[in-house]
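Structure assessment
What follows is each chain in one-letter form.
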Amino acid sequence: MRHLWSFLAGLVVAPVTWVLVALGQDGSAGTVDRWVEIGTFNTANLIEPAVYLAVGGILLGLLGTLRISPLGPLVAGLLLALPYVGLFVAPFQVRNRIPDDWKAFGDPLPLRLPVENGTLFLIGLLLIVAVFSGQRWRQWPAPATEPAPAAGSAGQDFTLTDWSSSGTPDRDTPPLTLGYPDPTPTEPLPRRTGGESPWSAPPRSTGRAEDTTTEIK
């Protein structure tokens, strides 16, 4: 499918380029001759022919540099070079078969001009030579893939967050355990009365006091 699209592009680009080159060359030559005739110049007069030549150059560049198919540049190059080659065989017949009374955008279209001065032959040869660059039409190389790490070195890659679990734990934080806290609360200490001092003897249990009283009786 890509060869078909390239072939159609060559058929379209060749005549369009011929027209653009003819308009650009005729406009540039006429503008410069007019400058010489009047002894002054205005570079704005060259904008229009320069646009024609620029568009033609862009079309040829895209056709000759895109890695689609060599069929398009080959067809376009043969079509552009063939009229000049015909001048070697039958120059008058070839020249008379090229129309010279056409107009484009209101300007005369001298299609014979780029044939007679050899411009089309030069462009055609450039496209044909570009076809024979075999490496241009090869597929783009696939991106290189990184080799997979070896089995022995798979565990040797460390990151900043990889730390050994056998390291020294933080002294301020207790070690984590899976045990649950003891549900039985500890007995609160007996409260002291207001008259007792902090250094007085601890209060005695009630059972022992009763036992002492019973013995005294």
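Everything below is about the structure shown above.
What you see is a predicted model, and the numbers here were worked out from it, not measured in a lab.

With that settled, the discussion passes to the side chain of R112. Note on placement: R112 falls in the loop between β2 (107-109) and α5 (113-116). There is no salt bridge for the buried R112, and the closest opposite charge comes from D100, which lies 4.2 Å off by N-O distance. Separated by 3.2 Å, the side chain of R112 and the backbone oxygen of R95 make a polar contact. With sequence-adjacent residues up to four places away left out, R112 is seen in contact with R95, N96, I98 and D100.

Tracing the sequence through the fold places Y52 in helix α2 (residues 47-65). Here the alpha-carbon distance between Y52 and Q25, two residues 27 residues apart in the chain, equals 8.8 Å. Setting aside residues up to four positions removed in sequence, Y52 forms contacts with L20, L23, G24, F105 and D107. Side chain to side chain, Y52 and E48 meet in a polar contact 3.0 Å long.

Another point: the packing of helix α3 (residues 71-89) against helix α6 (residues 119-131). Packing of α3 against α6 brings their axes to within 7 Å, and their N-to-C directions diverge by 145°. The handedness of the crossing between α3 and α6 is left-handed. Of the residues in α6, those in contact with P73, L74, A76, G77, L78, L80, A81, Y84 and V85 of α3 are L120, F121, I123, G124, L127, I128 and V131. Its residues assigned to classes, the contact of α3 with α6 comprises 14 nonpolar, two polar and no charged.

About the cut-offs
Residues numbered from 1 in each chain as written. Predicted model: local features only at pLDDT ≥ 70, side-chain atom pairs only at ≥ 80, totals over all residues. Heavy atoms only, no water. Helix = DSSP H or I, 4+ residues; strand = E, 2+ residues; numbered from the N terminus. Buried < 20%, exposed > 50% of the residue type's maximum accessible area, 1.4 Å probe, protein only. Lys, Arg positive; Asp, Glu negative; His and termini not counted. Salt bridge = Lys/Arg side-chain N within 4 Å of Asp/Glu carboxyl O. Polar contact = N/O pair within 3.5 Å; in protein donor to acceptor, adjacent residues only side chain to side chain. Contact = heavy atoms within 4.5 Å. Axes fitted to C-alpha atoms, helices over the stretch in contact; angles between N-to-C directions. Left-handed = near helix turned anticlockwise from the far one by under 90°. Nonpolar A, V, L, I, M, F, W, Y, C, P; charged D, E, K, R; others polar.

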